[in-house]
Amino acid sequence: MNNQGRPTRPNAGDAPRRGTFTGNRALDIEEALIFETGRLDATGVDFEAPTPFASKLGAHARDGAIGLPGLTEPEAVRHYVRLSRNNYSIDAGLYPLGSCTMKHNPRLNEKMARLPGFADLHPLQPIATVQGALELIDSLAHALLTLTGMSAVAMSPKAGAHGELCGMMTIKAALAARDEDKTRTVVLVPDSAHGTNPATAALIGFSVRAVPAEADGVVSAEAVRAALAPDVAAIMLTNPNTCGLFERSIVEIADAVHAAGAYFYCDGANFNAVMGKTRPGDLGVDAMHINLHKTFSTPHGGGGPGAGPVVLSERLAPFAPAPSIVRNGPSLSLAEHSEGTQAFGRMSAFHGQVGMFVRALSYILSHGGDGLRQAAEDAVLAANYVRASLVDLMSAPFGDRPCMHEALFDDRWLKDTGLTTLDFAKAMIDEGYHPMTVYFPLVVHGAMLIEPTESESKASLDLFIMTLRDLAMSALAGERERFVAAPVAAPRRRLDETRAARQPTLRWAKPAPA
Amino acid sequence: MRYLPFDATDRAQMLTRIGAPDIDALFADIPPAKRLAAPLDLSNGLGEIEVERRLTRMAGRNVAAGSVPFFLGAGAYRHHVPATVDHLIQRSEFLTSYTPYQPEIAQGTLQVLFEFQTQVAALTGMEVANASMYDGSTACGEAILMAHRLTRRRKAVLSGGLHPQYSDVAATLGAMANDEIVRLPLDPRGAEDIAAQIDDETSCVVVQSPDFFGNLRDLEPIAAAAHAKGALLVAVFTEAVSLGAVRSPGEMDADIVVGEGQSIGNALNFGGPYVGLFATRLKNVRQMPGRLAGETVDADGRRSFVLTLSTREQHIRREKATSNICTNSGLCALAFSIHLTLLGETGLRRVAALNHAAAVDLAERLGAIPGVSVLNDAFFNEFTIRTPRDAAELIDDLAARGIIGGLPVARLAPRAGLDDLIVVAATEVSTPADRQAYAEALAQSLQGGRQK
Amino acid sequence: MTETRYTKDHEYVRVEGDVAVIGISDHAQQALGDVVFVELPAVGAALAKGDSAAVVESVKAASDVFAPVSGEVVEVNADVDAQPGLINEDAMGRGWIFKIKLANAGELASLLSEADYEAFLKTLA
């Protein structure tokens, strides 16, 4: 489990309260909940009631208030526009979140996804009426296979973690086909792994065995060989790993895993660092999910939706879940049932996050093979540039060595300042930056993981670097006030997360009468 | 267009600071034999005009639902989404923001999630809802796992009215986790005796209403039967608009309610992205998967919102998490919430009434065709017809005549012996002329055989 | 004076007669942060030394509490169920988590004395 705790309650405010009548501050507007401003009888749509007819709802008709307020269109627009202004976004600034690959979200993607021929299409329409959609899925699948050098791809997983589940289920199905699913029940996972990896393994009945990394941050083939045993079903590795380093023993590890009769699952969250430079299929990977919302620029939308197609090796391909695209001469159709095939079942209703496929394909067509390779090179270049520009001030857990697409620091350099990684991150907010990923991976203390991506200009990177240097020097000089009360300029100061957990209020409720 | 802002000078300067001779030095850890020497065999990058041309041509090979009389539901429904919704969700701050892990600069997202959770709880008649799952089918799978954790039993009974693909997903999860799934046979009339299937080993019974065939189910006696045996009722819906006209599962004593929210705010998108709704009773909240937004205050005492009860989740509990889920369906949940705000209770009831009226009208017209019978006594906006000819052939024939007439049940259940059944949906976007056109085309198709 | 013994996983054991009072140390509560929830063992559960007995959750972290000695759980602390913050305020006293009826008092000897635990903490810094 993650047992690295940290403070979750601010000290009482000593910054001045807002000095206006409304509590607003110019463009920064306080906005109430719809339950406080809306009315049950208000509506922003213009439907007329139907002409009288004989209802067929019988005893199932709903009476009584539901409790849903409405707003008119102008009121609704104002509500959501005001709320939106309290959000940081990539469109507004650099998002150095390690492991998230916050690259620019192209607007062409949005335009293409909204073409009626894609957006206004039902998944169960007659196959003859959806040939273009099947072509879309097939084209993206083909591109992903080319990029990864794998044999097949399951397109249906709805997100990265769902893709991990799909990949591990495929492996379990392959083991069952060899009658080894009851004996091979252990999955090897490094401590640096993202939490979804062990959670996924546990969901389908595997137990997790840790594989230690070496002092230089990567896993050795020896360590893997030591952990391999007849009870091992698979290893789950991230490459590059969550410390931003390429697992340089990956080929020997894959060989050892295969020789032991197990499978190699690769978490593809960091694929942005290596696309066009090497192929997971060539490295010995059996299954790898791809986060379209990371590597392939589909927007994060405040937390989703994502998409997590899973590429598979030849030995796993037969077990891929339904549905799959089938080619009949010039036309395409769908194989939607797993009965009678080796497919292990179904991950979700319908065919996958097709709306996100349009966006990803638009991005891939725009970059092409040459552009995607350039993107990986620039992502790695940018991360190393940031790392090299900070390493004299901030401590890097694995020494001053090159990283891939993300640079990892820990909190040793803050030791004598009395400040924490959290304090440093919150001070970045006042400077106009979203903090980097903090406290992940768990294998270093007070981790700070910076991934600038390839879509930031050098000027943008330079300003970011200079700001971090200024903050770092300030911290080292003992200027605590800049940090301990931060952020002071954001729409909110630090929140009382302890209270939120101890006294959970998870929905609006009508206040009791006074 | 590419988004690669560095030029040669930039790259050279950056390499100098790094102290690397060239970019390949930064890829030195890739085993030499595995380095790709040249860009892959993907076409080179295309300009914006060409990308548009290609994708537009691809889209043009599809028949958009809005271009023909359209009567297909079966888990995804075509509704009118007000123009405002799509504009608001494309605001940069909603579209391109990340998960709200730094709440001080994410109150927009967090407040919307809090409002969304409240709306979903109210709609379903439950006490608490999460910030959304991927879709209805995976929410259903997760609900079963939650019921197993709560009851410490591992057997789920699935109604014969559950969407076949939802059952497939549950069966897949169950097989992989070594749990037992009992699938009752497909039940076009909604006549099954599900209570008789519940025993002391049952963790939950999973019942959809309106069900896959459009039948409205009385969940109250099923809940009572389940509770009498220490089991839970998981109530499922695939048409969220139905909750504007039909009694909520919460009123009928469901323990966990899951469903598909696509109908509100979200386009059909050929199957995704959609938005899973998940609600339960407050006492079960620690076993509920997914993100949760909660209310608190900041250092100045101002009301604020934050992701909370995170110790259920994978980034803290890892292998002991309630689920492996990491994302929610953020932007789709936002679209749902905005649309529902624009509707309000009054608008939702009105649009639900329009849906029901459209379906009642269509059922009458189709039922009047010789040889065609409507199976349902009570329904919302979806019902099932039995036809004298193979349903799949009929649907293809109707498509050739320019009508999308519904789902032939055999497409989702090829071995159920229900080849003469079509599930038909009618929403507020269909007109009387559309419905008349459908009835006429179906009559002609039945009389005259195949359209050439 | 009742002697308190410790484990390297930061549990403490305070023996009162044939019952062992178990909780997490002050160091552990500081490292976890504000405690928001405690998953308690069932009264009557039989625990072997080293079994996972409880979970202490803060906002950002969760920590297993392992049984430092074997025996049957005879009481759990309803106060920390209602007020998890007690563990932060008074981890060694009112923030106790559960009590075990000792199956084998000999197991106490292999646990750390207070002085040894303090020395162990210094090696972690």
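What counts, and at which threshold
Residues numbered from 1 in each chain as written. Chains lettered and ligands numbered in written order. Predicted model: local features only at pLDDT ≥ 70, side-chain atom pairs only at ≥ 80, totals over all residues. Helix = DSSP H or I, 4+ residues; strand = E, 2+ residues; numbered from the N terminus. Rg over C-alpha atoms; globule rule 2.2 N^0.38 Å. Buried ≥ 20, exposed ≤ 12 C-beta atoms within 10 Å, placed from the backbone. Contact = placed C-beta atoms within 7 Å. Core = buried A, V, L, I, M, F, W, Y, C linked by C-beta atoms within 7 Å.

Caption draft 1: Here's a closer look at the overall build of chain C. Along the backbone of chain C there are four helices and nine strands. N-terminal to C-terminal, the α/β element order of chain C is β-β-β-α-β-β-β-β-β-α-α-β-α. For chain C, the C-alpha radius of gyration of 13 Å lies close to 14 Å, the compact-globule estimate for 125 residues. Seen along its three principal axes, the alpha-carbon backbone of chain C occupies a region of about 35 × 35 × 25 Å. Here chain C holds 125 residues, and 42% of them are scored as buried. Of the contacts made within chain C by residues no fewer than 6 positions apart, 62% connect residues no fewer than 24 positions apart.

Caption draft 2: Highlighting unusual backbone geometry. The amide bond that connects N239(A) to the next residue, P240(A), takes the cis arrangement and shows omega of -10°. Following the sequence through the fold, P240(A) ends up in the loop between β4 (232-238) and α9 (250-259). In this structure, the amide linkage connecting G272(B) to the following residue, P273(B), adopts the cis form with an omega of 10°. Relative to the elements of secondary structure, P273(B) occurs in the loop between β6 (256-260) and β7 (276-280). Even without being glycine, S99(A) reaches a positive phi, approximately 75°. Within the secondary structure, S99(A) is located in the loop between α2 (73-84) and α3 (107-113). The exposure class assigned to S99(A) is buried, which follows from the 20 C-beta atoms found within 10 Å. Within the chain, T453(A) stands out as a residue other than glycine whose phi angle is a positive 70°. Relative to the helices and strands, T453(A) resides in the loop between β12 (448-450) and α13 (458-476).

Caption draft 3: Expanded view of the nonpolar core. Of all hydrophobic cores here, the largest spans 359 residues; its most connected members are V205(B), V206(B), L233(B) and V234(B). With residues up to four places along the chain from it excluded, the contact list for L233(B) reads C204(B), V205(B), V207(B), L219(B), I222(B), A223(B), A226(B), D253(B), A254(B) and D255(B).

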